[in-house]
Amino acid sequence: SSVPATTQALEATHALASALCSVAEVYLTDACDEPDAEAKCEAAAGEALALIAPLPAESRIAEPFVTAASLRLSQERGEEACALLADALAILRAADESSPPSYDLRLSAAKLLMEVGQPNEAAEVLQGLRLEHDDQLEAWYLLACAAMQAGDAGLALEEARSALAFAASDACPPEEREWMAQLEELVQEAAEAAGEEA
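To keep things clear, this report deals only with the structure shown in the data block. (Residues numbered from 1 in each chain as written. Predicted model: local features only at pLDDT ≥ 70, side-chain atom pairs only at ≥ 80, totals over all residues. Heavy atoms only, no water.)

In this structure, Leu-126 and Leu-137 are the most contacted members of the largest nonpolar core, which totals 67 residues. Other than its neighbours up to four places away in sequence, Leu-137 contacts Ala-163, Phe-166, Ala-167, Cys-172, Glu-176, Trp-179 and Leu-183. (Core = buried A, V, L, I, M, F, W, Y, C linked by side-chain atoms within 4.5 Å. Buried < 20%, exposed > 50% of the residue type's maximum accessible area, 1.4 Å probe, protein only. Contact = heavy atoms within 4.5 Å.)

Below, the structure written as C-alpha cells:
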C-alpha cells in the first residue's frame with residue numbers, strides 16, 4: 001500500500017482512542033452499575049486522552065476530550081469538564097469540512113456545552129449540524145434550547161417554529177416526528193419569554 005507509515009500510525013492511534021472512548025462510554029451508561037465502573041471508565045478515558053495528547057493539534061480528534069468531559073461532569077468536576085470541552089471545541093472548529101467529525105460526537109459535545117453553561121458555543125456546533133443534516137430534528141430542537149439558554153428567546157422561537165413546520169411536512173422522516181411534542185412545548189415557552197403569541 002502506498003499510504004505513508006505515519007498516516008497509518010495516526011489512523012491506528014485514532015482508531016484505538018475511539019475504541020477506548022467507546023469502552024468508557026459503556027461504563028458511563030449501560031454498565032454504570034458494574035463494580036469498578038467508574039475506575040474502568042476513568043482508565044479507558046485516560047488512556048484515550050494519553051494517546052491523543054502528544055499529537056500535533058491538527059492531528060488530534062475530539063472524541064477523547066468529549067468522553068473525558070462527560071465523565072468529569074458525572075463526577076461534578078465542572079471546571080475540568082469545561083477545560084476538556086474547550087479542547088474539543090478547538091478541534092471541532094479546525095476540522096476539515098470535507099470530513100467533519102461524526103454527527104453523534106458533535107451532538108454530544110453540544111449537549112455537554114449546554115450542561116456547563118456555554119450555550120453560544122453549543123449553538124455554534126448545532127448550527128453546523130443543522131446545515132449538514134437538515135432532516136434531524138434533535139439538533140434543531142437543541143439549537144432552539146441553546147438560544148433560550150443564551151437568553152435569545154426570539155431566535156429560539158424562530159428555530160423552534162421552523163423545526164415544527166418541518167416536522168409537520170411530508171419531507172420529515174417519520175421517526176423524527178417524535179420531536180413534535182417537545183418542539184410545541186418549546187414554541188410556547190419561547191413565545192412567552194419573547195412576549196409573543198405562540
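Moving on: helix 9 (residues 180-194). In an α-helix, one full turn covers 3.6 residues, which means residues spaced three or four apart are oriented alike. The terminal C-alpha atoms of helix 9, which comprises 15 residues, lie 20 Å apart, in line with the 21 Å expected from a rise of 1.5 Å per residue. Those residues of helix 9 that sit buried are Leu-183, Leu-186, Val-187, Ala-190 and Ala-191. One side of helix 9 holds all its buried residues, which, seen down the axis, span an arc of 135 degrees. Facing away from the buried surface of helix 9 by more than 90 degrees, the exposed residues are Ala-181, Glu-185, Glu-192 and Ala-193. Looking at the buried residues of helix 9, the elements they touch are helix 7 (137-149) and helix 8 (153-167). Just past helix 9, the residue Gly-195 takes up positive phi, approximately 70 degrees. (Helix = DSSP H or I, 4+ residues; strand = E, 2+ residues; numbered from the N terminus. Expected span 1.5 Å × (residues − 1). Arc of directions from axis to C-beta.)

A few words on the side chain of His-14. Within the secondary structure, His-14 sits in helix 1 (residues 5-28). At a separation of 2.6 Å, a polar atom in the side chain of His-14 contacts the main-chain carbonyl oxygen of Ser-59. With residues near it in sequence (within four places) discarded, His-14 still touches Ile-52, Leu-55, Ser-59, Arg-60 and Ile-61. (Polar contact = N/O pair within 3.5 Å; in protein donor to acceptor, adjacent residues only side chain to side chain.)

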